[in-house]
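So the chains spell out like this:
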Amino acid sequence: MIYKGKKVAFYTLGCKLNYSETSSIAASLDEMGFTHVGFRERADLYIINSCAVTRQGEKASRNIIRQAIRRNPDAMVIVTGCYAQLKPEEIKTIEGVDMILGTKQKFNIPSSLGDMRKRMKAEIIVSPFRELNEYHSAFSHGERTRSFLKIQDGCDYFCSYCSIPYARGRSRNDTIENTVNEARRAVNEGFKEIVLTGVNIGDFGKSTGENFTDLLKALEKIEGLERLRLGSIEPELLKDEIIELTASSNVIMPHFHIPLQSGSDKVLETMRRKYNTRLFAGRVNRIRNLIPSAFIGVDMIAGTDGETEDLFRESYDFIKELDISQIHAFTYSERNGTQALKLSGKVDMRDRKHRTQLYINLSEKKLRDFYLKNLGNEKTVLFESDDHEGEITGFTENYIKVGAPFSPNLINRIKKVKLEEIMPGGYVKVNII
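Predicted, not measured: the structure shown is a model, and the values here were computed from it.

Colleague: Account for the packing of aromatic side chains, with residues named and values stated.
Modeller: Using the criterion set out here, one finds 13 aromatic pairs in the structure. Considering the side-chain rings of F39 and Y46, the 5.6 Å spacing of their centres and the 80° angle between planes classify their relative orientation as edge-to-face. You'll find F39 and Y46 in the same group, each marked buried. Between F129 and F158, the aromatic rings sit 6.4 Å apart at their centres with planes inclined by 65°, giving edge-to-face as the arrangement.

Have a look at this one:
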């Protein structure tokens, strides 16, 4: 069926993986004649790609769903993503939702539209998580400068606090050959930087008998690809060979995002994580020895079940002493069906938020210190398209956000710069060389 003249609006919540998948869904609707409009505009079809990694993610998803319904009560409203997979009955209670599609069904939206008439009640099409075994390639089209390339889906870890394996299924991926072809498509569309994304990207190759390092070696050979950035990678999967390859590469950026979650070995054990603080510190030290100016971002969760005040202080002191660049702090949120619900020692929400804020404060100090260490250095920047009150922004190879006077000639261009001064907006002023 052709839907020429129909308007579709998208809203994506959560991770970069969701963004890459939304872009692929949008491309499939392009072929059917839809016209894309902004989410704040009146559309005939609204598609919300939801998030369920935290309670806040679910709340935000519900708010966005209601916004779409208020914007055009006659529009068809489809909700997909992790929240749809895990809690379809909860979404069904929102009057005005037409379809709730699980993880397996999200790429079948074009065949689900029919005549786009409003349903009397929401239709739920969700498969059990054990049937989530298909792999769909995707890369984001939204920005002019970088594309988020999906290289892996699902997770086999089943950490005690996390519901994502139930929302995404088992770890799986496409072949290196097909993944490289997807990356080449992104480069041919004009993207100069590709960011690798997935649920557990270091697990790449598990379903094809290949490995992540060989994928990186193949990707960095793509003609026209100037920058390749790693997404979040588990510390035990961040092998020395990956760090060494990054150190010697002109394409792979010196930028690491490594989830720690807690700096207490006892808490890591209750989380069912596959490493300890000694291994993690070893990874950070290895990066610093080979790539002293590398950006190292770390994920932390505050207030998990069983995290006493003493264990939190142990975690805080550990991360404080590590030579990292930034902390992404999350407040622990109970997830239905996870093993953490069986643990004793619940932490009061006020304490969880207080601990989160302490991590945030520490992160701000570490990021500023990282920026200060780089002032006076020459770096390269890929400038983006937005005009922020007369300034154009971008990121250095080691992920320092910079700003310069806006010029359309800088958009999607890589320029050599000198880092001059930290500005109140949290970026570094540069001079273009």
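Colleague: Explain the side chain of S50 to me, and be specific about the residues and the numbers.
Modeller: Considering the arrangement of structural elements, one finds S50 in strand β3 (residues 45-50). Residue S50 is classed as buried on the basis of its relative accessible area of 0%. A polar side-chain atom of S50 sits 3.3 Å from the main-chain amide nitrogen of Y83. Not counting chain neighbours up to four residues away, the residues in contact with S50 comprise L13, N18, S61, V79, T80, G81, C82, Y83 and A84.

Colleague: Break down unusual backbone geometry for me, citing the residues and quoting the values.
Modeller: In this model, R272 sits at a positive phi of 65°, which is unusual for a non-glycine residue. Take R272: it is sitting in the loop between α10 (265-271) and α11 (277-290). With relative accessibility at 47%, the residue R272 sits in the partly exposed group. Of note in the backbone geometry, N412 takes a positive phi value of approximately 60° without being a glycine. Tracing the backbone shows N412 in the loop between β15 (401-405) and β16 (414-422).

Colleague: Could you give an account of the side chain of T356, naming the residues involved and the relevant values?
Modeller: With respect to the helices, strands and loops of the structure, T356 is situated in helix α13 (residues 349-374). A distance of 2.7 Å separates a polar atom in the side chain of T356 from a polar atom in the side chain of T331. Setting aside residues no more than four positions away along its own chain, T356 makes contact with A302, A329, F330 and T331.

Colleague: Describe the sheet that holds strand β6 (residues 123-125), listing the residues and the values that go with them.
Modeller: Strand order across the open sheet formed by 6 strands is β2-β1-β3-β4-β5-β6, with parallel pairing between neighbours. The open sheet has two edge strands, β2 (35-36) and β6, and neither has a second partner. Across 2 bridges, the pairing between strand β1 (residues 7-12) and β2 is parallel. Bridge pairing in β2 links V8 to H36. Strands in contact with helix α1 (residues 16-30) are β1, β2 and β3; relative to β1, the strand with the most contacts, it is inclined by about 170°. Packing against the sheet, helix α2 (residues 55-71) makes contact with β1, β3 and β4 (76-81), and its axis sits at approximately 175° to β3.

Colleague: Run through empty space enclosed by the protein, naming residues and quoting values.
Modeller: Overall, the coordinates contain 2 cavities of 30 Å³ or more when judged by the stated rule. Put simply, the largest cavity is a space of about 80 Å³. In terms of lining, the largest cavity is formed by E21, T103, K104, K106, F107, L132, N133, E134, H136, K150, D153 and R172. A breakdown of the residues in the lining of the largest cavity according to their chemical character gives 2 nonpolar, 3 polar and 7 charged. If you add up the space inside the second largest cavity, you get close to 40 Å³. Every residue along the wall of the second largest cavity is listed here: S160, Y161, T270, M271, T304, D305, Y332, A340 and L343. Grouping the constituent residues of the lining of the second largest cavity by class yields 5 nonpolar, 3 polar and 1 charged.

Colleague: Give a description of the pattern of salt bridges that names residues and reports values.
Modeller: Enumeration according to the criterion identifies 33 salt bridges in this entry. As a salt-bridge pair, E193 and R229 come within 2.9 Å of each other at their nearest N and O atoms. Of this pair, E193 sits in strand β8 (residues 193-197) while R229 sits in strand β9 (residues 227-229), and the two are 36 residues apart along the sequence. We classify E193 as buried; its relative accessible area is 0%. Under the relative-accessibility criterion, R229 is labelled buried at 3%. Residue K373 pairs with D323 through a salt bridge whose shortest N-O separation is 3.7 Å. In this pair, K373 sits in helix α13 while D323 sits in the loop between α12 (309-321) and β12 (326-331), placing the two residues 50 residues apart along the sequence. Note on K373: relative accessible area 57%, which makes it exposed. Assessed through its relative accessible area of 35%, D323 is described here as partly exposed. Linked through salt bridges whose partners overlap, the residues forming this network are E21, K106, K150, D153, R168 and R172.

Colleague: So, the sheet that holds strand β14 (residues 391-396): which residues are in play, and what are the values?
Modeller: Here we have 5 strands rolled up into a closed barrel, ordered β13-β14-β15-β17-β16, and mixed in their pairing. When the angles between neighbouring strand axes are averaged without regard to direction, this sheet yields 50°. With 5 bridges joining them, β16 and strand β17 (residues 428-432) adopt antiparallel strand pairing. In the sheet register, V417 faces β17, and the bridge partner there is I432. Strands β13 (378-383), β15, β16 and β17 of the sheet are contacted by α13, whose axis makes an angle of about 115° with β16.

What counts, and at which threshold
Each chain has its residues counted from 1, following the order in which its sequence is written. At least 70 in pLDDT is required for a residue's local features to be given in this predicted model, at least 80 for side-chain atom pairs to be given and counted, and no such filter applies to totals for whole chains, interfaces and linings, which use all residues. Hydrogens and water are ignored here; the side-chain numbers use all heavy atoms of the structure. Think of it this way: a Phe, Tyr or Trp ring, Trp meaning its six-membered ring, pairs with another when their centres are within 6.5 Å, and the plane angle makes it stacked under 30 degrees, edge-to-face over 60, tilted otherwise. Each residue's exposure class comes from its accessible area (1.4 Å probe, protein chains only) as a fraction of the maximum for that residue type: buried when under 20%, exposed when over 50%, partly exposed otherwise. For the purposes of this entry, the term helix denotes a DSSP run of H or I that reaches at least four residues, the term strand denotes a run of E that reaches at least two, and both are numbered from the N terminus. What qualifies as a polar contact is a pair of N or O atoms within 3.5 Å, subject to a donor-acceptor requirement within protein and to the restriction that residues adjacent in sequence count only when both atoms come from side chains. Working rule for contacts: check all heavy atoms of both residues, and any pair within 4.5 Å makes them a contact. Should DSSP find at least two bridges between two strands, the strands are regarded as paired. Interaxial angles span 0 to 180 degrees and are taken between N-to-C directions of axes, which are lines fitted to C-alpha atoms, for helices over the stretch in contact. Throughout, the protein atoms alone are placed on a 1 Å grid, and a set of points is a cavity if a 1.4 Å probe fits but cannot get out or a pocket if it is open with protein on both sides within 12 Å along at least five of seven lines; lining residues have an atom within 4 Å of a point. Grid points are joined across faces, edges and corners, and a volume is the space filled by probe spheres set on the points. Nonpolar residues are Ala, Val, Leu, Ile, Met, Phe, Trp, Tyr, Cys and Pro. Charged residues are Asp, Glu, Lys and Arg, and all others, Gly as well, are polar. By definition here, a salt bridge exists when the distance from a side-chain nitrogen of Lys or Arg to a carboxyl oxygen of Asp or Glu is within 4 Å.

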